[in-house]
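# Inside the fold
In case you want the letters, here they are:
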Amino acid sequence: MLFGMTALVPRYIDLLWPALQAAIALGGSASNDELDGAVVEREGLSAEVQGALHGDGPGTEIEYRLAWARTYLKGMGLLTNSSRGVWSVTAKGREVTEDDIRPLHTEFAAENRKKNAARKSAQAASRRADEPDTNIAEDENRTDWKDALLDTLLAISPDAFERLTQRLLREAGFSSASITRRTSGGDIEGLGVYQLSLLSFPVFFQCTRYSGSVGAGAVRDFRGAMSGRGEKGLLVTTGTFTGDARAESKRDGAPPIDLVDGDRLCELLKEHGLGVQTTTRVVEDVEIRPDYFQSLEPVRTRESA
């Protein structure tokens, strides 16, 4: 059923303008989750469409296409992003109109193809002429490693997932993390104490391995389970959260619940070096300076002329 819903997910090119406008409406900057949630709400996408998986999962198709939309908006000069994944609207992004989007996309795509053709010629590499540029290729690699990591998390034993979860919580600032309930599928619930400088407070947490989208009902169930067991709630999943689930987690008058989806979970494991090793690569740009070679030429005097 969800596979058929993929056809109803907007194309990334149709998400360019909604994503840009959502970022502006959020004050000019937004995290990935904020931006994705705002676009989903703006476009009125159903829970079924939100839950449609990209390929075999665990990520969703809408997340995948929104990631490409952000990447192209950056290439078009309309968004920038920091090392912490915060996207900001540029001055150009505030000035463009909806009618400008397609021409800008066409222009960027043409420049992208031209750069790749030049790179192919210079490096004598057997690459396709329509290969994405460096920035887009990096985003694609980023998606690849997260997909591989989430597949690994879904494949390890329940005991291994439990130990990994406890280790991550402790690395992230928990002074204790005790498991109070386990399921046959490897999902766990527990109570921990989060240490923040001189302060500490109990946190009820739940970590689930899931390949689809977690809806608002699961957030409400979690809130009911945490009643009287912790001042704060932390819900972690290898899947994703629907826009309704994110809204429910921050509903007025109800205890707030922090949500960590598969994408954020991967970033946390990378940040704390748990099963993820990061190697920094140096990219060398080589440019020929004709003026230097011209300076080597002998000075022509009037006599020699």
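What you see is a predicted model, and the numbers here were worked out from it, not measured in a lab. (Residues numbered from 1 in each chain as written. Predicted model: local features only at pLDDT ≥ 70, side-chain atom pairs only at ≥ 80, totals over all residues. Heavy atoms only, no water.)

## Describing helix 3 (residues 32-43)
It helps to recall that an α-helix has 3.6 residues per turn; residues three or four apart then point in one direction. The end-to-end C-alpha distance of helix 3 is 16 Å, a good match for the 16 Å that 12 residues give at a rise of 1.5 Å each. The set of residues buried in helix 3 consists of Leu35, Asp36, Gly37, Ala38, Val39 and Val40. If you follow the buried residues of helix 3, they end up packed against helix 2 (16-25), strand 1 (29-30), helix 4 (47-50) and helix 5 (61-75). Just downstream of helix 3 lies Gly44, where phi reads positive at about 65 degrees. (Helix = DSSP H or I, 4+ residues; strand = E, 2+ residues; numbered from the N terminus. Expected span 1.5 Å × (residues − 1). Buried < 20%, exposed > 50% of the residue type's maximum accessible area, 1.4 Å probe, protein only. Contact = heavy atoms within 4.5 Å.)

## Re the packing of helix 3 against helix 5
Two elements in contact, helix 3 and helix 5, have axes whose closest approach is 11 Å; the angle formed by their N-to-C orientations is 110 degrees. The angle between the axes of helix 3 and helix 5 places the two elements in the roughly perpendicular class. Where helix 3 approaches helix 5, its residues Asn32, Leu35, Asp36, Val39 and Val40 are matched on the opposing element by Ile62, Glu63, Leu66 and Arg70. Classifying every residue of the contact of helix 3 with helix 5 gives 5 nonpolar, 1 polar and 3 charged. (Axes fitted to C-alpha atoms, helices over the stretch in contact; angles between N-to-C directions. Parallel < 35°, antiparallel > 145°, perpendicular 65-115°, else oblique. Nonpolar A, V, L, I, M, F, W, Y, C, P; charged D, E, K, R; others polar.)

## Thoughts on the side chain of Glu248
Mapping Glu248 onto the fold places it in helix 11 (residues 243-249). On the accessibility criterion, Glu248 (8% relative accessible area) is buried. Side chain to side chain, Glu248 and Arg251 meet in a polar contact 3.0 Å long. Setting aside chain neighbours within four positions, we find Glu248 in contact with Ala216, Val219, Arg220 and Arg223. (Polar contact = N/O pair within 3.5 Å; in protein donor to acceptor, adjacent residues only side chain to side chain.)

## Re the confidence of the model for the protein chain
The pLDDT averaged across the protein chain works out to 83; a share of 87% of its residues lies at or above 70. Model confidence for the protein chain, summarised as mean pLDDT per element, is weakest for helix 1 (residues 2-5) at 54 and strongest for helix 2 at 94. Below a pLDDT of 50 lies the segment residues 125-132, which in the model reaches 11 contacts outside its immediate sequence neighbourhood of four places, other chains included. (pLDDT = per-residue confidence, 0-100.)

## Re the pattern of salt bridges
Where charged atoms of side chains with opposite charge meet at close range, the side chains can pair. In total, this model carries 16 salt bridges according to the counting rule given. A salt bridge links Arg102 to Asp14; the nearest nitrogen and oxygen atoms lie 3.1 Å apart. One end of the pair, Arg102, is in helix 7 (residues 98-123); the other, Asp14, is in the loop between helix 1 and helix 2, and 88 residues separate them in sequence. Among the residues examined, Asp14 registers a relative accessible area of 33% and is labelled partly exposed. With a closest N to O distance of 2.7 Å, Glu171 and Arg167 form a salt bridge. Residue Glu171 and its partner Arg167 are located together in helix 9 (residues 158-171), separated by 4 residues, close to a single helical turn. Each member of the salt-bridge network shares a partner with another, and the members are Arg220, Arg223, Glu248 and Arg251. (Salt bridge = Lys/Arg side-chain N within 4 Å of Asp/Glu carboxyl O.)

## Some remarks on the sheet that holds strand 4 (residues 174-182)
Taken in spatial order, the 5 strands line up as 4-5-6-8-10 in an open sheet, and their pairing is mixed. Each end of this open sheet is capped by a strand with a single partner; those strands are strand 4 and strand 10 (257-260). Sheet twist, expressed as the mean angle between neighbouring strand axes with direction ignored, is 20 degrees. As paired elements, strand 6 (residues 199-208) and strand 8 (residues 232-237) share 6 bridges and run parallel to each other. Opposite Gln206, over in strand 8, you have Leu235 as the bridge partner. Across the sheet, helix 9 touches strand 4, strand 5 (188-196), strand 6 and strand 8, and the angle it forms with strand 4 is around 155 degrees. Along the sheet, helix 12 (residues 262-271) makes contact with strand 8 and strand 10, crossing strand 10 at roughly 75 degrees. (Pairing = 2+ DSSP bridges.)

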